[in-house]
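Observations on the three-dimensional arrangement
Spelled out from the first residue to the last, the chains are:
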Amino acid sequence: MDPARPKPSSKSRALVTEPLGALLTSVPKSRPSWLTVVKTTVAATVAWVLARHLDDNAAVLFAPIVAILTLQASVYGSVATGLQLLFANLVGTALAIGWVQLLGLTWWSLALAAFAALAVARQITNTPLARNQLTIAMVAVLVLAPVAKGYGQWRFVDVAIGSVVGLLVAVIVPERPRVRQARQALDYWAATCVTVLEDIAAELDRRAGGPVLAPAERHDWIPTSRGLSELSAAAAAELAGVEETARLNVAAGRLRRRLADLRDEQLFLVRITLQVRGVSLATDRLYDRAGQPPALDRGTLAGLLLALAALLKDWTDGGETDDTRLRAALITAVEQVHTVFPSAVAVLDSVSLLGRVDQLRQDLGGQDAAALVDPDTLPRS
């Protein structure tokens, strides 16, 4: 490492300890449903009724607001949000009360208080919700405490009421994990991988003998290939939401094995997508370009990609994947490429492309997939 370059900071997260730190820096990932909307309405109403019955309550508005903010689409998200609100308001209120006792309230003390609140919030939490609540709580208590008796203490009481009510509603009526949506996202992602392979094969046939592409031009399959990254991110977000909804949810215990299988499938599709994109970019660079055509003829490559697409479709459909014929076709293609030019360097790009196709074949073939070459048959020096 270059000694002149500053070392990366080990303080990559806020200054909090686990497991409390994980909750104070968690951002809910699950999306609200209509059930969440109904639960939030109920929680806000109950919190307001409870807070209103407390004598001399000067901050009753905060109970329903905090209940709305606390109740998320998952029990875990509700716990994380509720703790952040309680923590931020407790720290902000305590800082404000001490600040007033020490410096009083003037324009410069308010400015210093706002700066101090933002600085403290920056150090103890990473989430915008907790940062903003801490700063707002401190400034609000500073400004309103002189005119609203007991405002700081009542504000924290109402925040506690809202958080508790929101958490109780979240625990008593937990959300059902949206497994079906995650399943659909994975299926659509896998189907698009199949489409990319089929589109490459179709365009190779369609452009045979046609004009070459300009250096800045790309084949028609490239936008779909690039879109695989977005589909990967969308599926990951759906799965993250499902996993969060299942955490701390007693009723979702029987789904944990299924969620683990979905996560394994998502990780496998990440690997498949990287291979498909590699084949897409390599084919785009090699074919329909000016200069010497690649040693691997386009018809052979199109046939291999269609066979690979069929293998991937079998996998997505949950059927058995038999890569025997594709393996034989790859061996033949490698041997043909090797005889096109006498120099190995001249066929390097084509061999590399065949290697990507073979890697996909082996991934889809599973543990029973055999390598193209049996190491025992190789000559030894």
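Residues numbered from 1 in each chain as written. Predicted model: local features only at pLDDT ≥ 70, side-chain atom pairs only at ≥ 80, totals over all residues. Heavy atoms only, no water.

**Re the pattern of salt bridges**
Taken as a whole, this structure holds 16 salt bridges when the rule is applied. In this structure, R183 engages D187 in a salt bridge whose closest nitrogen and oxygen atoms are separated by 2.8 Å. With R183 and D187 both in helix α8 (residues 179–206), this residue pair falls four residues apart, about one helical turn. Residue classification places R183 among the partly exposed positions, given a relative accessible area of 24%. (Salt bridge = Lys/Arg side-chain N within 4 Å of Asp/Glu carboxyl O. Helix = DSSP H or I, 4+ residues; strand = E, 2+ residues; numbered from the N terminus. Buried < 20%, exposed > 50% of the residue type's maximum accessible area, 1.4 Å probe, protein only.)

**Quick look at the environment of G291**
For G291, the position within the fold is in the loop between α10 (256–286) and α11 (298–316). Judged by relative accessible area, G291 falls into the exposed class, the value being 63%. The spatial distance from the C-alpha of G291 to the C-alpha of V212 is 9.5 Å, given a sequence separation of 79 residues.

**Details of the UniProt feature "transmembrane region" (unreviewed entry) in the protein chain**
Here, the residues flagged by UniProt with the feature "transmembrane region" (unreviewed entry) are residues 33–51, 58–79, 99–120, 132–148 and 154–173. The span residues 33–51 carries 95% helix and 0% strand; its end-to-end C-alpha distance comes to 27 Å. (UniProt positions renumbered as here; feature names shortened; annotations may be inferred.)

**Focus: the environment of T45**
Mapped onto the elements, T45 comes out in helix α2 (residues 34–52). The spacing of T45 and I65 is 20 residues in sequence and 9.9 Å in space, taken between C-alpha atoms. Engagement of the side chain of T45 in a polar contact is seen with the backbone oxygen of T41, the distance being 2.9 Å. (Polar contact = N/O pair within 3.5 Å; in protein donor to acceptor, adjacent residues only side chain to side chain.)

**Here we look at the packing of helix α4 (residues 75–103) against helix α6 (residues 128–144)**
Orientation of α4 relative to α6, taken along the N-to-C sense of each, is 30 degrees, at an axis distance of 7 Å. Taken together, the axes of α4 and α6 are roughly parallel relative to one another. Crossing angle aside, the handedness with which α4 passes α6 is right-handed. Taken together, the residues that form the contact of α4 with α6 break down as 15 nonpolar, six polar and no charged. (Axes fitted to C-alpha atoms, helices over the stretch in contact; angles between N-to-C directions. Parallel < 35°, antiparallel > 145°, perpendicular 65-115°, else oblique. Left-handed = near helix turned anticlockwise from the far one by under 90°. Nonpolar A, V, L, I, M, F, W, Y, C, P; charged D, E, K, R; others polar.)

**Things to note about a nonpolar patch on the surface**
There is a patch of nonpolar side chains on the surface, built from L35, V164, L168, I172 and V173 and spanning about 430 Å² of accessible area. Top contributing element to the nonpolar patch by residue count: helix α7 (residues 151–172), with three residues. Note on L35: relative accessible area 35%, which makes it partly exposed. (Patch = residues over 30% accessible without salt bridge, like charges linked within 9 Å, V, L, I, M, F, W, Y side chains within 5 Å. Areas by Shrake-Rupley, 256 points an atom, 1.4 Å probe, with all protein chains shown as cover.)

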